[in-house]
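Coordinate inspection notes
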Amino acid sequence: MFWCLSYYYLLHLFSAEDIKSIDLIYTAVYHFPLMAGVYLNLYLLIPWLLSRKRYVLYAVLLGITVILSALLTAFIFGKAIDYLLPGYYFISYYELADLAQFSIVYIGLTTLITLSRAWFKLLESENYQVRAQKKKKDAELLFLKTQINPHFLFNSLNSIYSLALKKDAQTPAVLLKLAEVMRYMTYETNEEHVLLEKEIQYIRNYIELQKLRAGSNAHILFEMNGEPGAQRISPFILIVFIENGFKHGIQGGINDTFIDIRIDLSGNELILTVANNIGAVDETENDDFRGLGLNNVKKRLELLYFQKHELTIRNDGERFNVQLKLDLSNPLTFNPYV
């Protein structure tokens, strides 16, 4: 299409009032040196030099290509044309400087067209990669989220099983709390983000559920400072650290068991602090599933709060401390490295 438009334009530029057969031939011959310069640039200079960022060498050879194209045009119409097409007496209408300008325009235009086409292809490729990466991320988040529900449910059922064996009168209350928690997990967390207020209420219910199981010997403290307002958060991000505190502290300890949970809200920042004693390993959980929740939430933090979270975990042999800082201003921040 480019060369057809070029031929049409130069044909009218070179011809007089009426287009004759000699004008058609002259315009066709004039294109050969122009095409030689254009394709030398497109198929050699750009792939081998410009695309490899060898800009200085590319500029030098491009200048030489322009000069050679102009010299070739002058040679064709000055000498070669008499041998190729005898009897037409073609001459060049332009000086060497003018011929060089023709070459510069043609090589420049075709370079811009080629680079524009390459840029659009690159943009399309990047958009495809972003969409593919997002699909992969969404699939992984769904997989990680589905791991949480059975993990929590199994732990809660273990608690209820222990109470049922003891014929504890609190068993119905525990079942009611579990029903409230499972209702939230099943019906209200299908979105990527939930209201922080609902997530905190879910945590309160969970803690109350654990208090019923732990009894009066364990020291359980929950403190919250600040108002959640309309802030939103990815569901089940906070509960894993609290759950681990109960499992490895309260449930795994014998004497002086405790867990201190604190949530501080200030603007867009949320700070969760969990401290608990280090007890014996909870043998009710199979080795294959130990640490599943903690590893799970670390992956979700990298996916959902990339460069917007800070997790600190300390273990001094007697006390386990976790502090999680979250920037809730934009919960879903795409991680290009995951």
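Structural notes, computed from the coordinates. (Residues numbered from 1 in each chain as written. Predicted model: local features only at pLDDT ≥ 70, side-chain atom pairs only at ≥ 80, totals over all residues. Heavy atoms only, no water.)

What follows deals with the overall build of the protein chain. Regarding its fold elements, the protein chain presents eight helices and seven strands. Across the 338 residues of the protein chain, 39% fall into the buried class. A sequence separation of at least 24 residues applies to 72% of the contacts in the protein chain between residues at least 6 apart. Accessible surface, the protein chain: about 19,800 Å² in total, of which carbon and sulfur atoms supply 60%. (Helix = DSSP H or I, 4+ residues; strand = E, 2+ residues; numbered from the N terminus. Buried < 20%, exposed > 50% of the residue type's maximum accessible area, 1.4 Å probe, protein only. Contact = heavy atoms within 4.5 Å. Areas by Shrake-Rupley, 256 points an atom, 1.4 Å probe, with all protein chains shown as cover.)

Moving on, we come to the sheet that holds strand β2 (residues 219–225). Strand order in this open sheet of five strands is β2-β4-β5-β7-β6, and the pairing throughout is mixed. Sheet topology places β2 and β6 (309–315) at the edges, where each strand pairs with a single neighbour. Recorded for the sheet is a direction-independent mean angle of 5° between the axes of neighbouring strands. Strand direction decides the pairing type here: strand β4 (residues 258–266) and strand β5 (residues 269–277), joined by eight bridges, are antiparallel. Each residue of the ladder has a partner; that of Asp264, found in β5, is Ile271. Strands in contact with helix α7 (residues 239–250) are β2, β4, β5, β6 and β7 (319–327); relative to β5, the strand with the most contacts, it is inclined by about 10°. (Pairing = 2+ DSSP bridges. Axes fitted to C-alpha atoms, helices over the stretch in contact; angles between N-to-C directions.)

For the rest of this paragraph, the subject is the packing of helix α1 (residues 2–14) against helix α2 (residues 21–50). In a packed pair of helices, the relevant descriptors are the angle between the two axes and the axis-to-axis distance. Interaxial distance between α1 and α2 falls to 9 Å at its minimum, and their mutual angle equals 130°. Comparing their axes, α2 and α1 come out oblique. You can see that α1 and α2 cross each other, and the crossing is right-handed. Side by side, α1 and α2 meet where Trp3, Ser6, Tyr7, Leu10, Leu11 and Phe14 of the first sit next to Asp23, Leu24, Tyr26, Thr27, Ala28, Tyr30, His31, Leu34, Met35, Val38 and Tyr39 of the second. (Parallel < 35°, antiparallel > 145°, perpendicular 65-115°, else oblique. Left-handed = near helix turned anticlockwise from the far one by under 90°.)

In this structure, Leu238, Ile242, Leu272 and Leu326 are the most contacted members of the largest nonpolar core, which totals 45 residues. Setting aside residues no more than four positions away along its own chain, Ile242 makes contact with Ile203, Tyr206, Ile207, Ile259, Ile261, Leu272 and Val274. Among the nonpolar cores identified, the runner-up in size contains 24 residues, and Phe14, Leu50, Ala70 and Ile107 belong to it. (Core = buried A, V, L, I, M, F, W, Y, C linked by side-chain atoms within 4.5 Å.)

Among the surface-exposed residues, Val56, Val60, Ile64, Ile67, Leu68, Leu71 and Leu96 lie close enough to one another that they form a single nonpolar patch of about 630 Å² accessible area. Note that Val56 resides in helix α3 (residues 55–84). (Patch = residues over 30% accessible without salt bridge, like charges linked within 9 Å, V, L, I, M, F, W, Y side chains within 5 Å. Salt bridge = Lys/Arg side-chain N within 4 Å of Asp/Glu carboxyl O.)

Now for α7. Compared with the 16 Å implied by 1.5 Å per residue over 12 residues, the 15 Å span of α7 between its first and last C-alpha is a close match. A large share of α7 lies buried, amounting to 11 of its 12 residues. (Expected span 1.5 Å × (residues − 1).)

In short, the description is geometric, and any link to function would need to be established separately.
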